[in-house]
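So you can see what is in the structure, the chains are spelled out below.
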Amino acid sequence: MPRLLALLLTAVTTTTAFAQDLIDKGFVEGWNIMMDPALGNGCLIQTIYQDLSVVRIGYDALDKRGYFAVYNKAWGEIEQGESYPIRFELDGKSFDATAIGFNQRDVPGATVFFTDRSFVEAIAQNKIMTVYNPEGQTVMAIDLKGTAKALDYARDCQNRKL
């Protein structure tokens, strides 16, 4: 029980640290709906997984593009501003991308920016997203359950209906 409590406390602390500058817009299907003032009030969905990875899918209203970001304290080897070629697989469909390394509040992560709306639709319509490094090794597999509904709410947030 103490181990579970410690894991839960870490998860809440991690989520709180990333959410400090975000405006809460609700919770849908396991995802927080939020607005990010630092990105021109772009809306996003965010969740945390068992390995304490924080995943965000959102809209950068300043640069008119979408993004997919993952933070994880265990990823110490990621360098701020470095480019990392990766591949996403969404239920058998493959997408090549370049992730940009960053460090937010001393937690490393990577972001993929995109302007193709079909990528968001592919995320919403699939069950699992697997991310691979250049060597073809699995970096992580993300359960996308609930993302379709959460992304609908994020669109409502972006259209200022929330």
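Anyway, here's the lowdown on the structure attached to this text. (Residues numbered from 1 in each chain as written. Predicted model: local features only at pLDDT ≥ 70, side-chain atom pairs only at ≥ 80, totals over all residues. Heavy atoms only, no water.)

What follows concerns the sheet that holds strand 4 (residues 54-60). Strand order in the open sheet made by the 10 strands is 1-2-3-4-5-8-7-6-9-10, with antiparallel pairing throughout. The outermost strands of the open sheet, each flanked by one partner alone, are strand 1 (23-28) and strand 10 (138-143). Each adjacent strand pair in this sheet contributes to an overall mean axis angle of 25°, direction not counted. Where strand 3 (residues 42-48) lies against strand 4, five bridges are found, and the strand directions are antiparallel. (Pairing = 2+ DSSP bridges. Helix = DSSP H or I, 4+ residues; strand = E, 2+ residues; numbered from the N terminus. Axes fitted to C-alpha atoms, helices over the stretch in contact; angles between N-to-C directions.)

Our next topic: the side chain of Asn-72. Along the chain, Asn-72 turns up in the loop between strand 5 (65-71) and strand 6 (83-90). The class for Asn-72 is buried, based on a relative accessible area of 5%. Polar contacts involving the side chain of Asn-72 include one to the side chain of Ser-53, which spans 2.7 Å. A distance of 2.8 Å separates a polar side-chain atom of Asn-72 from the backbone nitrogen of Ala-74. Once residues within four sequence positions are removed from consideration, Asn-72 is found in contact with Asp-51, Leu-52, Ser-53, Val-107 and Pro-108. (Buried < 20%, exposed > 50% of the residue type's maximum accessible area, 1.4 Å probe, protein only. Polar contact = N/O pair within 3.5 Å; in protein donor to acceptor, adjacent residues only side chain to side chain. Contact = heavy atoms within 4.5 Å.)

Glancing now at the environment of Pro-85. For Pro-85, the location among the structural elements is in strand 6. Exposure remark for Pro-85: the relative accessible area of 48% places this residue in the partly exposed category. C-alpha separation for the pair Pro-85 and Asn-133, spaced 48 residues apart in sequence, amounts to 6.9 Å. Apart from residues lying up to four places away in sequence, Pro-85 is in contact with Ala-97, Asn-133 and Pro-134.

Bringing the state of the cysteines into the picture now. What the rule picks out here adds up to one disulfide. Residue pairing for Cys-43: its cysteine sulfur links by disulfide to Cys-157, the two sulfurs lying 2.0 Å apart. Measuring handedness by torsion sign, the sulfur bridge of Cys-43 and Cys-157 sits at about -65° and is left-handed. On the criterion of sequence distance, the pair formed by Cys-43 in strand 3 and Cys-157 in helix 3 (residues 147-158) is long-range, its members being 114 residues apart. Here the two residues Cys-43 and Cys-157 agree in accessibility, since each one is buried. (Disulfide = S-S within 2.5 Å.)

With 35 residues, the main nonpolar core has Ile-45, Phe-68, Phe-88, Ile-123, Met-129 and Ile-142 as its most contacted residues. Looking at which element gives the most residues to this core, the answer is helix 2 (residues 117-125), with five residues. For Ile-142, the residues in contact, after removing those within four places along its chain, are Tyr-49, Val-55, Phe-68, Lys-127, Ile-128 and Met-129. Core analysis: the next-biggest nonpolar cluster, separate from the first, contains nine residues, Leu-22, Met-34, Tyr-71 and Val-107 among them. (Core = buried A, V, L, I, M, F, W, Y, C linked by side-chain atoms within 4.5 Å.)

An ideal rise of 1.5 Å per residue puts 16 Å on 12 residues; helix 3 measures up with 16 Å between its terminal C-alpha atoms. Among the residues making up helix 3, those that are buried are Thr-147, Ala-150, Leu-151, Ala-154 and Cys-157. Looking down the long axis of helix 3, one finds its buried residues gathered within 105° of arc, a one-sided arrangement. Buried residues in helix 3 make contact with strand 1, strand 2 (31-36), strand 3, strand 4 and helix 2. Of the residues trailing helix 3, Arg-160 is marked for its positive phi of about 65°. (Expected span 1.5 Å × (residues − 1). Arc of directions from axis to C-beta.)

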